[in-house]
Every structure is written in structure tokens, then in C-alpha cells.
Number of protein chains: 2
Amino acid sequence: MEHRELMVRAAWLYHVEGLTQQQIAERMNITRRRVNEILSEALETGVVRISFDSALSESVELEVKLRKRFALRDAVVVPTPNETALLHSVLGRGAAGFLGRLIQTQKPASIGIGWGSTLRETIQHMPSLNEPQIKVRSMMGGLTHGSEINTFEIVRGFAQAISAQCRYFAAPIYAESPESREAIISQTVFQRTFRQICDVDVAYLSVGDVSQQSLQVRYGLPEGMSEEILQKAGAVGDLMGRYLNASGQEIDHLLNRQVLSPELDDFRRIGCRIVASGGAHKHKILHAVAQSGLANILITDADSARAILA
Amino acid sequence: MEHRELMVRAAWLYHVEGLTQQQIAERMNITRRRVNEILSEALETGVVRISFDSALSESVELEVKLRKRFALRDAVVVPTPNETALLHSVLGRGAAGFLGRLIQTQKPASIGIGWGSTLRETIQHMPSLNEPQIKVRSMMGGLTHGSEINTFEIVRGFAQAISAQCRYFAAPIYAESPESREAIISQTVFQRTFRQICDVDVAYLSVGDVSQQSLQVRYGLPEGMSEEILQKAGAVGDLMGRYLNASGQEIDHLLNRQVLSPELDDFRRIGCRIVASGGAHKHKILHAVAQSGLANILITDADSARAILA
DNA sequence: ACAACGATGTAACATATGTAACATAAACCT
DNA sequence: AGGTTTATGTTACATATGTTACATCGTTGT
């Protein structure tokens, strides 16, 4: 029996038929220990899902306020977990629900996505859809530092979750210099790629802060670049590798001329610009992208929502 | 705090944040016993839902076979539970998933529904949708015997689940005589009602067998009518109160001229005719409605699917 | 073929959950 | 207001789940 099928069977017997782990073990001729492990794994991998038929009124209120304050097209507020380690997962859950509904009802032809922990968690919670006509593409260059939150894994994972087509952007997030960036993007293949990126129907991104908590700050910045330098230049965070000030404008810094991602004016022409992020260290950048209209759909946690509404 | 909100909060803390019941009790200033009860209730009432990201391959295979054999528009096969008491719930779960998807993607203007245990369970598992433009209406008369599987409760429950409009059919399933039926349906209000019923985009019904297991046989038949009489006349079960033989044709019996439900020829003109039912006592009637094309979407359990495919 | 590593079985144990028994408080009915 | 019924708190207990420790088996790599 295929492993996934094993998980579904055991989980069905446990959650729907209400058997104990021991009974399931006997039924399926495996040890209780295996049953326990399989059931945990089924929850962890998203084969079994827990969902809620109601939102908390607190979240609903905050969503209304966010939409009004920032003229957002939509907003999703998830409860802030006590344990900060759970924040990405909770945000990912909220985002996956939203994206699942959006994909099913609006049938976008193309989706551009970023990378990072929140996006990684989103994939984990995505419903399985069958959308082979949709193209999922990276919106920006990635880290050369391999990891599962890297752009390749995330684009592929997302495309797989919805059985869509996958388009990579094979470049680092930063070129070595502005001149180097000009040389790269003047190539025909990159020009075509950038055009396609700017033509997506939906963009789904996260934002980063300017601290060592950011993987990009840790692994993506060119030699000699640090968070202090960026902060001094007025940066409160980044969107697609572009460092922004508190008003959501690009800081006047060389780094922003080395970045391999769409110009913000091009980005703004995408109809559906979703930004999902949360946590205390993200309040400033979240406020910046909401206030400036860079994001027209915001997905965040309740504490962050309150902070940016204050 | 509203009770539903209490359930969502407790369930979130338990299922998402992973707190123990004791920790939740402390967080929410209630006893652990209350937490335990609330968590159980949340699952029971559908506030918290367990879903599966994969179907069993066995179910998928049977669905394919059903569609081919009977030229069905679609089929849903749910695993047959060991405990027959769970059958309605499992069927309701499968049907709710299917209906939820159908409503969201196809946006029907009107849905006609029947009544019975399977339909009752369907409501319990329906996702909350917001579809105020949809009209949900009874397709046939009901039992005068009050119960929560009665047509009124079911139409209202279904309409509430999807925030739709609710239209009752205020009549018993059987008139006293064929003449009485003629008198009833010749009234303008009933003529208009029948036309609206026959104009629904989607019909969602169950079927009954000819035994004391059927509530209709127990409480709905007129005086002097019994299952033996119906069986002698060739009946294997009923659809909307119309007793059918093994080929899916109405038996030649007075009772079928007393029934307050659409003529089968009218029924066949509805585009989407869903029948959900299962269990050993339903195999014959399920085969009859599938074979004859009365149902063009079938929702049943794996054992029943195998039986009607044999 | 052998060594190393990972997966799994077995048994035990800690803790979490589900439930029962009884008392008390709250709600309902007359 | 008083009596009855239902809901809830407290405590205890049975059982189910989650995890650990160690042994064994299966797989992988050289």
C-alpha cells in the first residue's frame, strides 16, 4: 500500500470511525506505534486537515478595519499564537485558505510568488486543486543558499499542490553591481521573463525586516552590505528584495539598483497583490506596504493588525 | 462570549496551538471538564472539521466505474464504515463536500431537496457559504410526523448553512386519494409551486427502501397501506415518495397517484439530479435510479457501489 | 561482504483525555 | 416562593495517546 493511502486509511478510521490506535493497528496489521506515527504525520503533512467553520469576531473586526484604513481589496487576520514559533504556520494556514478560495472562484491564469518561511508554510496548508492551466512563477531572484524556503522549492511545491505549471526564475536576488544587473536584464530571455512576471494575475509575497532575523539579510546581501547600512539609509524592510522606507518608497541606495525583481511601478499594475507576514519585527514594513498601496490584500496576525492600525 | 466563539477559541488553542485541555482551561478561565465538552461539541456540530486531502484509491476506482456503467455525470464513493450507525454521517460528509464544491463553482440559482437521515447529516457537514441569491426548496411533501429529518427542518437547515433563501412545500407526501391529489394540485398556488420545483437547477435527494427501516413506510403511508402490498406490486424502493420497480419505473399502484411530488418525466429535465444513499437495504433502489437515469449523480458507500456494479 | 545508518518492533512509562459519581448552582415551571 | 430539572464544578478513575529506551531488522554505501 502506498504511504499516502496508508495515512488516509488510518486517519479515516481514527477521526471518522472513532477507533482507538490499538484497534486500528489490529485492523491494518501494523503496530500501534506505527499508527501513532502515521496519524501525527498525516496532520503534519496536510493529508488530514483541521479547519474551522467560523472566524473569531475579533479577526473579522480587524479585517474590516484594515480594509477601510488602507483601502485594501481584502484582508485576512489570523489569531496571534502565544508561541512565536507557530506564527509562520498560522499565517500559512490563513493564506492557504484564502488562496484556495481565490483560485477556485477566480481561476487566475498565472500566479507569481516569492519565497520565505510564510510561503513555505502556505504550501503545507494548501488544498489539493487540479489547475493545470495555471502557471506558477517566481517573481524575483532567490538565495544561492540552498534551503527549502528557497525560491525553487517553493515555486515547485506550490505548483504541485494545485497541479499547476511551474516556471522558475534562475537568478540570484542581487547582482554584483548595478552594471551587472543591467547586463543581466538586457538579455532577451530575462526581458521576456520580466514581462511575464509583471503580467501575472496574482502576486503572493511576504516581506522581510532589516535584522538578522531575515534570511535575506543573513544570506542574500552582497559582500560589505549589512542591516546597519540599510537602516541608516532609512530602510524598514523589503518587498521582493527592494528595501523600502516607512512610506513604502525605495530607499536611495545602490543595493536597490542591483536587485533582480520587478520595478515597483510595474508591480503595482498587477491586479491582485497579496502580502502575507506578521510578527512584531514586521510591523513597520507591513504598514509601509499597506499604506503605500503596494499590497492590496493583506494577510497578517491580530497583534500585527492592531499595531499597524494604531 | 458567544458560545460558538467559545468553541472556536478553545478548538483553535487545542488543534492549532497544541495546548492541553488543562492549559486551555487556565487560559480561558473555565474548568477542564468544560474544555473537554466544548471540544467534543465543536467536532459534533461542525464548527471544527476534519477533512482529508486525498481520496482512497478504492473509492476513486469505484467512482470511475459507476460513471461509466451508468453514464453518470459524476459519482462520489465514501468508505463503508464497519459500524452501520455511522453510514448516514459518512454519506452526509461525502455529499456535503460535493455540494459545497458544486455550489461554489457553479452557482446554481435554485436547489431542490428531499428529506431523511442522509440529508440531515449532509447539513451537519456543509461548509458555511454565503449565497443569498440561491433559493432552497422542498421538492415533495413531507411527513406530518414532526422530527428533525422532516422536510421543514431540512430545508431550513440547508438554507441556513449556505445563507440562502428558503422555500417550503406545505403539503403531506401523500393525499388521501388520487382525486384528492388532483384537487390539491389543481390549485393555482400548487401549480406554481410544482413549476418552480421542476425548474430547479439542482435536485438533492435520497431514496427509501420498502421495509420498516424506512421512515416513510413507518409514518408516511396512508391507512391500509403496507410494505408487503408495495413489494407485491413490484416495488424495490421509492424516490420522492414514488415507488419504483427494479427498472426504475413507477409501479402500477394507486399510491403512486396520490403522491405530491414532481412527475418523473418532469424530474428528468432537471440538469443536476443528485441521489445520496447507501447500505445493504438500499442496493436495489440505488441500482434502479442509476440504471434508469433518474439519478445522474450518485453518492454512495463503497460496499453499495460494488453491489450495484455486480 | 561488512559497517553504518535509519526504520521499526517491543515494552514500559508519563501524561492527556474521556467519563463517572456526587454535590452544588442555575434555570425553569407552577 | 418553592419544587423540579438541568447544567456545571470537583474529584477520581479508566483508558488512550505520546514518547522513551533498547533491540532487531532492513537499507544504503563503500
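The rules behind the values
- Residues numbered from 1 in each chain as written.
- Chains lettered and ligands numbered in written order.
- Predicted model: local features only at pLDDT ≥ 70, side-chain atom pairs only at ≥ 80, totals over all residues.
- Heavy atoms only, no water.
- Near = heavy atom within 4 Å.
- Polar contact = N/O pair within 3.5 Å; in protein donor to acceptor, adjacent residues only side chain to side chain.
- Helix = DSSP H or I, 4+ residues; strand = E, 2+ residues; numbered from the N terminus.
- Nonpolar A, V, L, I, M, F, W, Y, C, P; charged D, E, K, R; others polar.
- Domains from an automatic or database assignment.
- Pairing = 2+ DSSP bridges.
- Axes fitted to C-alpha atoms, helices over the stretch in contact; angles between N-to-C directions.
- Contact = heavy atoms within 4.5 Å.
- Buried area = accessible area lost by both parts, 1.4 Å probe.
- Salt bridge = Lys/Arg side-chain N within 4 Å of Asp/Glu carboxyl O.

(A) Geometry of the protein's contact with DNA strand C. Every residue near DNA strand C is listed here: T31, R32, R33 and R34 of chain A together with Y14, T20, Q21, R32, R33 and N36 of chain B. Sugar plus phosphate, as a fraction of atoms of DNA strand C within 4 Å of the protein: 52%. At 3.0 Å, a side-chain N or O of T31 of chain A approaches a phosphate oxygen of DNA strand C. Between R33 of chain A and DNA strand C, the recorded distance is 2.5 Å, taken from a side-chain N or O atom to a base oxygen. Going through the elements one at a time, helix 3 (32–44) of chain A together with helix 3 (32–45) of chain B are the ones with two or more residues in the surface near DNA strand C. Of the residues contributing to the surface near DNA strand C, the split by class is one nonpolar, four polar and five charged.

(B) Geometry of the protein's contact with DNA strand D. Neighbouring DNA strand D are Y14, T20, Q21, R32, R33 and N36 of chain A together with T31, R32, R33 and R34 of chain B. Within 4 Å of the protein, atoms of DNA strand D come from sugar and phosphate in 50% of cases. Within the backbone of Q21 of chain A, a nitrogen or oxygen atom sits 2.8 Å from a phosphate oxygen of DNA strand D. Interatomic distance of 3.0 Å between a side-chain N/O atom of T31 of chain B and a phosphate oxygen of DNA strand D. Elements that contribute at least two residues to the surface near DNA strand D include exactly helix 3 of chain A together with helix 3 of chain B.

(C) Spotlight on the domain arrangement of chain A. Entries for chain A in the domain assignment read domain 1 (3–44) and domain 2 (57–309). The centre of domain 1 of chain A, based on its C-alpha atoms, is set 37 Å off from the matching centre of domain 2 of chain A.

(D) Region of interest: the sheet that holds strand 11 (residues 297–301) of chain B. Residue and element names in this part refer to chain B. Taken in spatial order, the seven strands make up an open sheet running 2-11-10-6-3-4-5, and their pairing is parallel. The open sheet is flanked by strand 2 (74–78) and strand 5 (165–167), the only strands paired with a single partner. Ignoring strand direction, the axes of neighbouring strands in this sheet form an average angle of 15°. As defined by bridge partners, strand 3 (residues 110–113) adjoins strand 6 (residues 202–205) across three bridges and the pair is classed as parallel.

(E) Highlighting the interface of chain A and chain B. Facing 33 residues of chain A, the contacting portion of chain B comprises 32 residues. In total, chain A and chain B occlude about 3200 Å² of area from one another, counting both sides; carbon and sulfur atoms represent 57% of this. It is W12, F52 and D53 of chain A in chain A that bury the most area against chain B; as a group they hold 22% of the surface buried on that side. Across the chain A-chain B interface, the total number found is four salt bridges. Residue D53 of chain B pairs with R49 of chain A through a salt bridge whose shortest N-O separation is 3.6 Å.

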